[in-house]
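Working through the structure, step by step
Below, each chain spelled out in residue letters.
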Protein chains: 2
Amino acid sequence: MPDDSIAIVARPRVADVARLAGVSAATVSRILNGSEMFADATRIRVQEAARQLGFQPDPAARSLRRGQGDSIALLVGDIEQGVYAGLTRHMQAALEDMGLDLLVYDLAHQEARLRRFLERAPARRLRGIVLATTDTLPEDCIGLLRGLMAQQVKVIALRQRLDQHGIASVIQDEHSAAKLATAALLRKGRMPIAFLGRISGSLMGAERCEGYRDALREAGHAVDSALIWDASYRYRAGFTATAEALQRGLAFSAILAASDELALGAIAALQDAGRSVPGDVAVIGFGDADWAAYQRPSLTSLSEHPAELSGIVRGILEGKATGLLHEVKRHLVERQSG
Amino acid sequence: MPDDSIAIVARPRVADVARLAGVSAATVSRILNGSEMFADATRIRVQEAARQLGFQPDPAARSLRRGQGDSIALLVGDIEQGVYAGLTRHMQAALEDMGLDLLVYDLAHQEARLRRFLERAPARRLRGIVLATTDTLPEDCIGLLRGLMAQQVKVIALRQRLDQHGIASVIQDEHSAAKLATAALLRKGRMPIAFLGRISGSLMGAERCEGYRDALREAGHAVDSALIWDASYRYRAGFTATAEALQRGLAFSAILAASDELALGAIAALQDAGRSVPGDVAVIGFGDADWAAYQRPSLTSLSEHPAELSGIVRGILEGKATGLLHEVKRHLVERQSG
DNA sequence: TTGTAGGCGTTATCAA
DNA sequence: TTGATAACGCCTACAA
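Residues numbered from 1 in each chain as written. Chains lettered and ligands numbered in written order. Predicted model: local features only at pLDDT ≥ 70, side-chain atom pairs only at ≥ 80, totals over all residues. Heavy atoms only, no water.

1. Concerning the relation of the copies chain B and chain A
The following threshold applies: A least-squares superposition brings the copies together, and it is based on the C-alpha atoms of residues with pLDDT no lower than 70 in both.
Overlay of chain B on chain A (RMSD 0.1 Å): rotation 180°, translation along the axis 0.0 Å. Both chain copies can therefore be described as sitting about a two-fold axis.

2. Details of the pattern of salt bridges
Between side chains of opposite charge, pairing is possible as soon as their charged atoms come close. Residues and elements named next belong to chain B. Note the cut-off: Salt bridges are identified by distance alone: a Lys or Arg side-chain nitrogen within 4 Å of an Asp or Glu carboxyl oxygen. Going along the chain from the N terminus, every DSSP run of H or I of four or more residues is numbered as a helix, and every run of E of two or more is numbered as a strand. The buried label goes to any residue with under 20% of its type's maximum accessible area, the exposed label to any with over 50%, and the partly exposed label to all in between, with areas taken from a 1.4 Å probe on protein chains only.
What the rule picks out here adds up to 60 salt bridges over all chains. The partner of Asp40 in a salt bridge is Arg43, with the nearest N and O atoms 3.1 Å apart. Highlighted residues: Asp40 and Arg43, both in helix α3 (residues 40-53), separated by three residues, approximately one helical turn. A relative accessible area of 53% places Asp40 in the exposed class.

3. Quick notes on the packing of helix α10 (residues 235-247) of chain A against helix α11 (residues 260-272) of chain A
Residues and elements named next belong to chain A. Our working rule: Axis lines are fitted to C-alpha atoms, over the contacting stretch for helices. Their N-to-C directions set the angle, which ranges from 0 to 180 degrees. Any angle that falls under 35 degrees is termed roughly parallel, while one over 145 is termed roughly antiparallel, one within 65 to 115 roughly perpendicular, and all others oblique. Each crossing gets its hand from how the near helix is turned against the far one by less than a right angle, where anticlockwise is left-handed and clockwise is right-handed. Residues are treated as being in contact if the distance between any of their heavy atoms lies within 4.5 Å. Residues are grouped as follows: nonpolar covers Ala, Val, Leu, Ile, Met, Phe, Trp, Tyr, Cys and Pro; charged covers Asp, Glu, Lys and Arg; every other residue, Gly included, is treated as polar.
Relative to each other, α10 and α11 sit at 40°, their axes nearing to 7 Å. Judged by the inter-axis angle, α10 sits oblique to α11. In this structure, the crossing between α10 and α11 has a hand that is right-handed. Within the contact between the two elements, α10 uses Tyr235, Ala237, Gly238, Phe239, Thr242, Ala243 and Leu246 and α11 uses Glu261, Leu262, Leu264, Gly265, Ala266, Ala268, Ala269, Leu270 and Asp272. Here the residues of the contact of α10 with α11 sort into 11 nonpolar, three polar and two charged.

4. Thoughts on helix α5 (residues 82-98) of chain A
All names here are of chain A. Let me state the cut-off plainly: Multiplying 1.5 Å by the helix residue count minus one yields the expected span of that helix.
Spanning 17 residues, α5 covers 25 Å between terminal C-alpha atoms, matching the ideal 24 Å at 1.5 Å per step. Residues of α5 that are buried include every one of Val83, Tyr84, Ala85, Gly86, Leu87, Thr88, Met91, Gln92, Ala94, Leu95 and Glu96, and no others. The first or second residue beyond α5 is Gly99, which carries a positive phi of 80°.

5. Overview of the packing of aromatic side chains
Test applied: Classification of ring pairs uses Phe, Tyr and Trp, with its six-membered ring standing for Trp, and accepts pairs whose centres are within 6.5 Å; under 30 degrees between planes counts as stacked, over 60 as edge-to-face, and the remaining range as tilted. Lysine NZ or arginine CZ positioned within 6 Å of the ring centre and within 35 degrees of the ring normal marks a charge as sitting over the ring.
All chains considered together, the criterion is met by 10 aromatic pairs over all chains. Aromatic pair Tyr105 of chain A and Phe117 of chain A: ring centres 4.9 Å apart, planes at 50°, arrangement tilted. Of the two residues, Tyr105 of chain A is situated in strand β2 (residues 101-106) and Phe117 of chain A in helix α6 (residues 111-120); the sequence distance between them amounts to 12 residues. Members of the aromatic cluster, joined through ring pairs, are Tyr235 and Phe239 of chain A together with Tyr294 of chain B. Taking the ring centre of Phe286 of chain A as reference, the NZ or CZ of Arg208 of chain A above it sits at 4.9 Å.

6. Looking at the protein's contact with DNA strand C
Defined as follows: One heavy atom within 4 Å of a molecule or strand is enough for the residue carrying it to be called near that molecule or strand. In protein, a polar contact means a hydrogen-donor-capable atom and an acceptor-capable atom, both N or O and within 3.5 Å, with residues adjacent in sequence counting only if both atoms are side-chain atoms; elsewhere, any N or O pair within 3.5 Å suffices.
Close contacts around DNA strand C come from 25 residues, with Thr27, Arg30, Phe38, Thr42 and Arg65 of chain A the closest. Atoms of DNA strand C within 4 Å of the protein belong to the sugar or the phosphate in 66% of instances, the rest to bases. At a separation of 2.5 Å, a base nitrogen of DNA strand C approaches a polar side-chain atom of Arg65 of chain A. Ala61 of chain B places a main-chain nitrogen or oxygen 3.4 Å from a base nitrogen of DNA strand C. Of all the elements in the fold, those that place two or more residues in the surface near DNA strand C are α2 (25-32) and α4 (59-66) of chain A together with α2 (25-32) and α4 (59-66) of chain B. In terms of residue class, the surface near DNA strand C is built from 11 nonpolar, five polar and nine charged.

7. What to know about the protein's contact with DNA strand D
Lining the immediate surroundings of DNA strand D are 25 residues, of which Arg65 of chain A together with Thr27, Arg30, Phe38 and Thr42 of chain B lie closest. In DNA strand D, atoms within 4 Å of the protein come from the sugar-phosphate backbone in 67% of cases. Between DNA strand D and Arg30 of chain A there is a distance of 3.3 Å, counted from a base nitrogen to a side-chain nitrogen or oxygen. Residue Asn33 of chain A places a side-chain N or O atom 3.4 Å away from a phosphate oxygen belonging to DNA strand D. Broken down by secondary-structure element, the contributors of at least two residues to the surface near DNA strand D are α2 and α4 of chain A together with α2 and α4 of chain B. When residues in the surface near DNA strand D are grouped by element, the largest group, four residues, is from α4 of chain A. Its residues assigned to classes, the surface near DNA strand D comprises 11 nonpolar, five polar and nine charged.

8. What about the interface of chain B and chain A?
We count it as follows: Reported buried area values correspond to the accessible surface (1.4 Å probe) lost by two parts on association, with both partners' losses combined.
With 59 residues of chain B in contact, the opposing surface of chain A contributes 59 residues. Of the roughly 5300 Å² buried between chain B and chain A on both sides combined, carbon and sulfur atoms contribute 51%. Broken down residue by residue, the surface that chain B buries against chain A is led by Glu80, Tyr294 and Arg296 of chain B, which jointly contribute 13%. Linking chain B with chain A are 14 salt bridges. A salt bridge links Arg125 of chain B to Asp58 of chain A; its shortest N-O distance comes to 2.3 Å. Our enumeration of links across chain B and chain A arrives at 22 residue pairs in polar contact (both at pLDDT 80 or more).

9. A few points about the UniProt feature "domain: HTH lacI-type" (unreviewed entry) in chain A
Let me state the cut-off plainly: UniProt positions are given in the numbering used here, feature names are shortened, and annotations may be inferred rather than shown by experiment.
The sites that UniProt annotates as "domain: HTH lacI-type" (unreviewed entry) are residues 12-66 of chain A. Counting secondary structure, residues 12-66 of chain A comes out at 69% helix and 0% strand; the distance between its end C-alpha atoms is 20 Å.

10. Things to note about helix α8 (residues 174-187) of chain B
In an α-helix, one full turn covers 3.6 residues, which means residues spaced three or four apart are oriented alike. The terminal C-alpha atoms of α8 of chain B, which comprises 14 residues, lie 20 Å apart, in line with the 20 Å expected from a rise of 1.5 Å per residue. Count one or two residues on from α8 of chain B and you reach Gly189 of chain B, which has phi positive near 80°.

11. Notes on the environment of Arg113 of chain B
Looking at the element boundaries, Arg113 of chain B is found in helix α6 (residues 111-120). The class of Arg113 of chain B is buried, set by a relative accessible area of 16%. Distance in space between the C-alpha atoms of Arg113 of chain B and Leu75 of chain B is 9.9 Å, their sequence separation being 38 residues. With residues up to four places along the chain from it excluded, the contact list for Arg113 of chain B reads Gln92 and Glu96 of chain A together with Tyr105, Asp106, Leu107 and Ala108 of chain B. In this structure the side chain of Arg113 of chain B is engaged in a polar contact, spanning 3.2 Å, whose partner is the side chain of Gln92 of chain A.

Written out as structure tokens, the structure reads:
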């Protein structure tokens, strides 16, 4: 049975704490914000009063006065992609530790949505913006980001290099990861190898493709452009690209896919066409999704490091990490598919 | 080459707009907030001035003055589960439409995290809290939620019934969905059928199990409690529970899993044990994950309706939807696995 | 070491 | 229909 007798209790203010502690509001504010220059007796009295009243400072008032809020906006390429969901979880945990709120904005891989957010951002008193997408940004958005930085908003690019624009960037080494995976496939006698993934419109995607090319070249193989399939990150794209390649009669014994989603789509197309994985074709993905181990065949993939990435972002936000470019190494998580 | 000449441009205030339009700040505020009682000339002058200066009201100041902010907190059971990621995307889009920000908080299925958030919530001037989890809540958290409601925070339960506590709830019909799926399996001659999913600690999970039981009973079958496997929502749990059942030599020709993640884990265990899906064992999941169509066998699943759910939440937030309980119907999306 | 006073930007009340 | 003024809650410069 619902209890409808809800009493509206006014939340305590600094003034209330001050009254109870027998000091001024200024003293309360200073002590609660960690000022050291107070008599122990005063400090304890104030802290006790705050505790007793359950005082929590009003973020709106604080933000108005300080000119800076307590939230960070996380802009993700697509929250439904595993890597971004994982990133969101770790970022939220890291920010919570810092006492910051996490605002999530889904870009859905659309420039227009990014622009829309950035245009509305200046008024929001954000502490920072973490832009997590590998999609290449249009010039005007970079300009907007730099404008935000001028307003003291900390801007951090995640999974994409923007350090050439003076924007702190935290990335994973796509180039050497792709090279690593390609080399591993070659070692197992796989050749020709196809590359499946976003290349146009994504600098990091292009990096991955470059790593793949370099590995082939270094092993003395020619790069066949018919085996480079430019596709977006979703399942369908992987399925379609692979199905078309099979239909065209292209020969390949391995696929390096730029995401686990693409890899799954590719595997489905292969199996539908009667090819076995990894028997006929080996497949490696990127992102080490949590479901990768529960596929059959289980999916070999390049590791993803949301916790480390979030940790570095945290360091930057706290001013502890210096430097414009931070890189985390990926490694190969070997399973059945490749 | 980075252009380091960033000019700090002061953002315009109502006062600036007022000056440009030749009116008072109060007039600007009123017109920009949609007051009707002004001469057209004035209104146009003010709107033009605001546009020209690119004025955007400061949310902190507004929130301080109005006593209410512009953000909604979305508390999700686990952002890395597909259903919650999808929900997050749709909720964000819906809120953006309303001009509201989305704060995401990951509960990681832990009561302590929910409590932690709710204790810090009162100070935050949230417009609303959307609690999206099927996990049963402890009493004290319900109390905290009701306290928040008393402070004019709109509280909405998503995927769980809390209407008995006076909390608006938006759910999907778990009971009839489970019944539907079970009946479909029975029609195809599948029996015995196992149930795999969270039961303890989740009212909606228990509902699903009840639907399964009812379908069996109505078809004149006994319910074998050895075929009801209480497991959490993740892949591993599905894998483990199924592997154990196989090891114990339990006989079953179908599994109804309470999530697609569990279903995938179950399929992996079945295939590892040499059972074919759906040949030997049919499997149906819940959630219609985007990858379900790209599994082989592709996964039959009960539909999930994040867009409809978000739409109803929006209606409630806008005060358009009345009533404490809203239900969306699931249907069966038939694919290969079941 | 502590207090007083003023202002952050907006909106609501009151008066005109 | 419009304007002046005060107040939301907090923090900090200045004073003591």
